[in-house]
Amino acid sequence: MKRILTISCLMLLTLGMSAQNATKAKQVLDKTSAIISNKGGASANFKISSEKTGNTSGTILIKGNKFQATTPQAIVWYNGKTMWTYMKSSEEVNVSSPSEGQQAQLNPYHFINLYKKGYALSMKNVKAGYEVHLKAQSASQPIKEMTITVNSKTYLPSVVKMLQGGKWTTVVISNFKAMNLSDAKFTFNSKDYPQAEVIDLR
């Protein structure tokens, strides 16, 4: 009987610690989300290393769920509904309605709202601050796992790793700056690219 009680107490203690850890992880991401979700918008630099698509780097502008990402190969605009991808080499613009998974690969800050539902959270302390782990609670989630390294002083994320389609993508983020951005920044303007061929893939 004593052994059963001891095991039961240990299980309850473990569950309690796990729930407390998940709560702390959410509190960290809540603070991070509040900073990144600056009402006027923000900018940052990023470097992407992907098992699926290779390596690239660039800059990103964000405002709410909108973003504009610029790399040596392409410029991507997303206004919250429609995405335009301008390929510099071919001067083609592909118009699409991206899935959640596609948005995540292009926008390292996609986790801002992603963590709030459908994921189990846990966290551990690391040298850089906090490492928050997200694990999908449903097989239908395109991103199965994600880890976010957050600075313990600024609450800004420095590294985001995500598992999608059995492949890992790592994004290193730096030089975050709050800004006041016009909504026009997140929509493709054909007047700026008069030679571009627009291909609607929707």
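Everything that follows concerns the structure shown earlier in this document.
Everything numeric here is computed off the predicted structure, so don't read it as measured data. (Residues numbered from 1 in each chain as written. Predicted model: local features only at pLDDT ≥ 70, side-chain atom pairs only at ≥ 80, totals over all residues. Heavy atoms only, no water.)

Student: Looking at this structure, I do not really get unusual backbone geometry. What am I missing?
Tutor: Negative phi characterises most residues that are not glycine, and trans characterises most peptide bonds. The backbone of Tyr155 sits at a positive phi, close to 65°, despite the residue not being glycine. In this structure, Tyr155 sits in the loop between β9 (143-151) and β10 (157-164). (Helix = DSSP H or I, 4+ residues; strand = E, 2+ residues; numbered from the N terminus.)

Student: Is there a simple way to think about the packing of aromatic side chains in this case?
Tutor: Centre-to-centre distance and the angle between the planes together describe a pair of aromatic rings. The tally for this structure, following the rule as stated, stands at six aromatic pairs. An aromatic cluster of three or more residues is present, and its members are Trp77, Tyr86, Phe188 and Tyr193. (Phe/Tyr/Trp six-rings, centres within 6.5 Å; stacked < 30°, edge-to-face > 60°.)

Student: What exactly am I supposed to notice about the nonpolar core here?
Tutor: In a soluble, globular protein the nonpolar side chains are often hidden away together inside. Counting residues in hydrophobic clusters, the biggest one holds 38 residues, and the most contacted among them are Leu29, Tyr109, Leu134 and Met146. Not counting chain neighbours up to four residues away, the residues in contact with Leu134 comprise Leu29, Tyr115, Tyr119, Ala120, Leu121, Lys144, Glu145, Met146 and Ile148. (Core = buried A, V, L, I, M, F, W, Y, C linked by side-chain atoms within 4.5 Å. Buried < 20%, exposed > 50% of the residue type's maximum accessible area, 1.4 Å probe, protein only. Contact = heavy atoms within 4.5 Å.)

Student: Help me understand the sheet that holds strand β11 (residues 167-178) in this model?
Tutor: Strand pairing within a sheet occurs via backbone hydrogen bonds; the two strands may be parallel or antiparallel. Here twelve strands make up an open sheet; going across it, the order is β7-β8-β9-β10-β11-β1-β2-β3-β4-β5-β6-β12 and the pairing mixed. Single-partner strands in this sheet number two, and they are β7 (119-126) and β12 (197-200). Across the sheet, the axes of successive neighbouring strands diverge by a mean angle of 20°, strand direction being ignored. (Pairing = 2+ DSSP bridges. Axes fitted to C-alpha atoms, helices over the stretch in contact; angles between N-to-C directions.)

Student: I'm lost on the pattern of salt bridges in this one. Help?
Tutor: A pair can form between side chains of opposite charge whenever their charged atoms are brought close. Across all of its chains, the model carries four salt bridges by this definition. With a closest N to O distance of 3.0 Å, Asp30 and Lys26 form a salt bridge. Of this pair, Asp30 and Lys26 are both found in helix α1 (residues 2-36), four residues apart, which corresponds to roughly one turn of the helix. Taking the relative accessible area as the measure of exposure, Asp30 reaches 30% and is therefore partly exposed. For the salt bridge of Asp183 with Lys63, the shortest nitrogen-to-oxygen distance reads 3.1 Å. Separated by 120 residues along the polypeptide, Asp183 in the loop between β11 and β12 and Lys63 in strand β2 (residues 54-63) bring together distant segments of the chain. Using a relative accessible area of 42% as the deciding quantity, one classes Asp183 as partly exposed. (Salt bridge = Lys/Arg side-chain N within 4 Å of Asp/Glu carboxyl O.)

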